[in-house]
Amino acid sequence: MTGTTGAISHRFTGMPSLDAPVGTPIELRLGGAWTKNKFVYTLWVDGHGIIRYSLDNGRGGSSQSVSNLQLKEIVPKKAVPGWQVEAVAAAGSGLYEVEGIR
């Protein structure tokens, strides 16, 4: 687990728990006060236990590359208990802040 996790968990009541079911998907709203760019980063588990994702602007725009987020931490690839918490921490480690979790 990363140091970012604790800072993020205090900001959101919807922060996933470490004991959340492995198959539980998450949707993150990313942005920042310094930018007009906003992203919706959705992560889910496929039938093989691999974490899949979608990144878009939340307004019906085309898909975006995760490299646009310039993450400093790696988003997990394999679904194991607690992957949702690690994914939130990783998503908040780049250019954009985690503004909301669903």
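One structure accompanies this document, and this report is about it. Please read all numbers here as calculations on a predicted model, not as lab measurements.

### Re the overall build of the protein
Counting secondary structure elements, the protein contains two helices and four strands. Along the protein, from the amino end to the carboxyl end, the secondary structure elements read α-β-β-β-α-β. Across the 102 residues in the protein, those meeting the buried criterion constitute 39%. Here the contacts in the protein between residues at least 6 apart in sequence split such that 56% fall between residues at least 24 apart. Per element, the accessible surface of the protein, about 5800 Å² overall, is 54% carbon and sulfur.

### Remarks on the side chain of T35
You can see T35 is positioned in the loop between strand 1 (26–31) and strand 2 (39–45). The buried category is assigned to T35, whose relative accessible area is 14%. At 3.0 Å, the side chain of T35 and the backbone nitrogen of N37 are in polar contact.

### A look at the packing of aromatic side chains
Using the criterion set out here, one finds three aromatic pairs in the structure. On the basis of an interplanar angle of 25 degrees and a centroid distance of 5.7 Å, the ring pair of W34 and Y96 is categorised as stacked. Here Y96 lies in the loop between helix 2 (83–91) and strand 4 (97–101) and W34 lies in the loop between strand 1 and strand 2, a separation of 62 residues in the sequence. A residue is classified by how much of its surface remains accessible, and W34, at 54% relative accessible area, is exposed. With a centroid separation of 6.0 Å and 70 degrees between ring planes, the pair formed by Y41 and Y53 is classed as edge-to-face. In this pair, Y41 sits in strand 2 while Y53 sits in strand 3 (residues 51–56), placing the two residues 12 residues apart along the sequence.

### Concerning the sheet that holds strand 1
An order of 3-2-1-4 is seen for the four strands of this open sheet, with the pairing classed as antiparallel. Sheet topology places strand 3 and strand 4 at the edges, where each strand pairs with a single neighbour. Ignoring strand direction, the axes of neighbouring strands in this sheet form an average angle of 25 degrees. Sheet topology places strand 2 next to strand 3; six bridges connect them, and they run antiparallel. In the strand pairing of strand 3, V45 is matched with I51. Sheet strands touched by helix 2: strand 1, strand 2, strand 3 and strand 4. Its angle to strand 1, the strand with the most contacts, is close to 10 degrees.

### Notes on the nonpolar core
Grouped together as the largest cluster of nonpolar side chains are 20 residues, with contacts concentrated most on I26, L28, L30, Y41, L43, L69 and W83. Those elements that provide at least two residues to this core are strand 1, strand 2, strand 3, helix 2 and strand 4. Per-element tally for this core: the top contributor is helix 2, with five residues.

Here is what the cut-offs are and how they apply
- Residues numbered from 1 in each chain as written.
- Predicted model: local features only at pLDDT ≥ 70, side-chain atom pairs only at ≥ 80, totals over all residues.
- Heavy atoms only, no water.
- Helix = DSSP H or I, 4+ residues; strand = E, 2+ residues; numbered from the N terminus.
- Buried < 20%, exposed > 50% of the residue type's maximum accessible area, 1.4 Å probe, protein only.
- Contact = heavy atoms within 4.5 Å.
- Areas by Shrake-Rupley, 256 points an atom, 1.4 Å probe, with all protein chains shown as cover.
- Polar contact = N/O pair within 3.5 Å; in protein donor to acceptor, adjacent residues only side chain to side chain.
- Phe/Tyr/Trp six-rings, centres within 6.5 Å; stacked < 30°, edge-to-face > 60°.
- Pairing = 2+ DSSP bridges.
- Axes fitted to C-alpha atoms, helices over the stretch in contact; angles between N-to-C directions.
- Core = buried A, V, L, I, M, F, W, Y, C linked by side-chain atoms within 4.5 Å.

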